[in-house]
Amino acid sequence: MSLTVLQVLPALVSGGVERGTLEIAEAVVAAGGRALVASAGGPLVAGLEALGARHMTLPLATKNPVRILANAGALAQLVRAEGVAVIHARSRAPAWSALLAARRTGAAFVTTYHGTYNEGFPGKRLYNSVMARGDRVIAISQFIADHIRARHGVAADRLRLIPRGVDPRAFSPAAVTPERLAALRAAWGVPAGRQVVMLPGRLTRWKGQGVLLEAMARLPGESVALLVGEGGYRAELEARIAALGLGERVKLVGHATDMPAALLLADVVVHASTDAEAFGRTVIEAQAMERPVIAADLGAPRETVTEGETGWRVPAGDPAALAARLAAVLAMPAAARAAIGARARAAVLAHYTTAAMQQATLAVYRELL
């Protein structure tokens, strides 16, 4: 594939959008194309360039209309100088600059619609609509595809459903050595012989850590909950843990640099978001590690968690329902939990791999040549 693709996003700091940008850059290079990325920069630039892509630093995180126009001019100049065929926008403010640049240069314009994007003030739907203006609009889940059709009326000929993916080579129980698992267990002080409930995710109210705390307070037995992640909600969670008397049963373990090993420590992984998740990559990561998952019954996890087959779903924001399901899952024979985990990994391998996401995105680019 002789193709030059320019991806644009606010910055390369951390997160699912950023990770997806690197994965697509890797795929473009592997297919024989040239991968360019424009952003305000960040710690992931080095990793991007190690994949063979090039980074251009522009103040694309800005929402200032004057700077958005200036960025459009800079992107148009870049498109012409580098022979860019496709501009792929992954966030709203940079997407406005990218749309203008595409119109000025004739480059194809692709967007990935990563969230539901609230409409809390007048004009917000118009601002959000840039993500539905691509020659092709990629939805990261059926939930998001339905949302795009309802909000923006995007026709089927422009809309493409490409779910997020996980690398099943890295996220594989067989790939985690006993030494990695033991080191993490020791670092986090996970007691031997205690069942482990895990909620991976940024510490923010809507991710539902508070719901899990209330569920743990209702859950009999000696199971331990690990909250994996960092964020501004930490102090409030610490206060709630103390108030509920859960100091011996709940640990805030911070960021995990070895997420496959972290997930393998869990007997059950919880997704407890109280707002609808656009996709929820932690769900498929846990499933790839053959962990049983209990997910909030809203948003895209309805697609990735088949009730009673690859996991379970409970009403969002309902600690009693979550506690009841946790008790039932932890009481299951280990072989029964393992069977759920095996079916979950098989579903990920069939539908939600990084390679499948990469190839489907390359196919979208080829449509526009």
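All of these numbers come straight from a predicted model, not from anything done at the bench.

A. Summary view of the pairing of strand 8 (residues 196–200). Across the five residues of strand 8, five count as buried, placing the element largely inside the fold. Where burial is concerned, the two faces of strand 8 agree: the one with V196, M198 and P200 and the one with V197 and L199 are both buried. Inspection of the sheet shows strand 8 paired to strand 9 (residues 224–228) by five bridges, in the parallel sense. Bridge assignment links V197 to a residue of strand 9, and that residue is A225. Taken together, strand 8, helix 8 (residues 209–218) and strand 9 form a β-α-β motif whose crossover is right-handed.

B. Broad picture of the pairing of strand 1 (residues 4–8). Extensive coverage of strand 1 is indicated by the burial of five of its five residues. Alternating positions in strand 1 separate into two faces, T4, L6 and V8 on one and V5 and Q7 on the other, with burial throughout. Note: strand 1 against strand 4 (residues 86–89), four bridges, orientation parallel. By the bridge assignment for strand 4, V8 is matched with A89.

C. The sheet that holds strand 13 (residues 312–314), seen in detail. Strand order across the open sheet formed by six strands is 10-9-8-11-12-13, with parallel pairing between neighbours. Looking at which strands have only one partner, the edges of the open sheet turn out to be strand 10 (250–254) and strand 13. Between one strand and the next, the sheet's axes are offset by a mean angle of 25 degrees, whatever the strand orientation. Two elements, strand 12 (residues 293–296) and strand 13, share three bridges in a ladder whose sense is parallel. By the bridge assignment, A295 is partnered in strand 13 with R313.

D. Structural view of unusual backbone geometry. One non-glycine residue, E290, adopts positive backbone phi at about 65 degrees. Within the fold, E290 resides in the loop between helix 11 (281–288) and strand 12. Owing to a relative accessible area of 29%, E290 belongs among the partly exposed residues under this scheme.

E. Main features of the pattern of salt bridges. According to the stated counting rule, one finds 19 salt bridges in the structure shown. As a salt-bridge pair, D146 and R149 come within 2.7 Å of each other at their nearest N and O atoms. Pair noted here: D146 and R149 are both in helix 6 (residues 142–152), with a separation of three residues, about one helical turn. You can call D146 partly exposed: its relative accessible area is 39%. Under the relative-accessibility criterion, R149 is labelled partly exposed at 37%. Several salt bridges share partner residues, and in doing so they unite R34, R54 and E82 into one network.

How each quantity is defined
- Residues numbered from 1 in each chain as written.
- Predicted model: local features only at pLDDT ≥ 70, side-chain atom pairs only at ≥ 80, totals over all residues.
- Heavy atoms only, no water.
- Buried < 20%, exposed > 50% of the residue type's maximum accessible area, 1.4 Å probe, protein only.
- Helix = DSSP H or I, 4+ residues; strand = E, 2+ residues; numbered from the N terminus.
- Pairing = 2+ DSSP bridges.
- Right-handed = clockwise from strand over helix to strand, strands pointing away.
- Axes fitted to C-alpha atoms, helices over the stretch in contact; angles between N-to-C directions.
- Salt bridge = Lys/Arg side-chain N within 4 Å of Asp/Glu carboxyl O.

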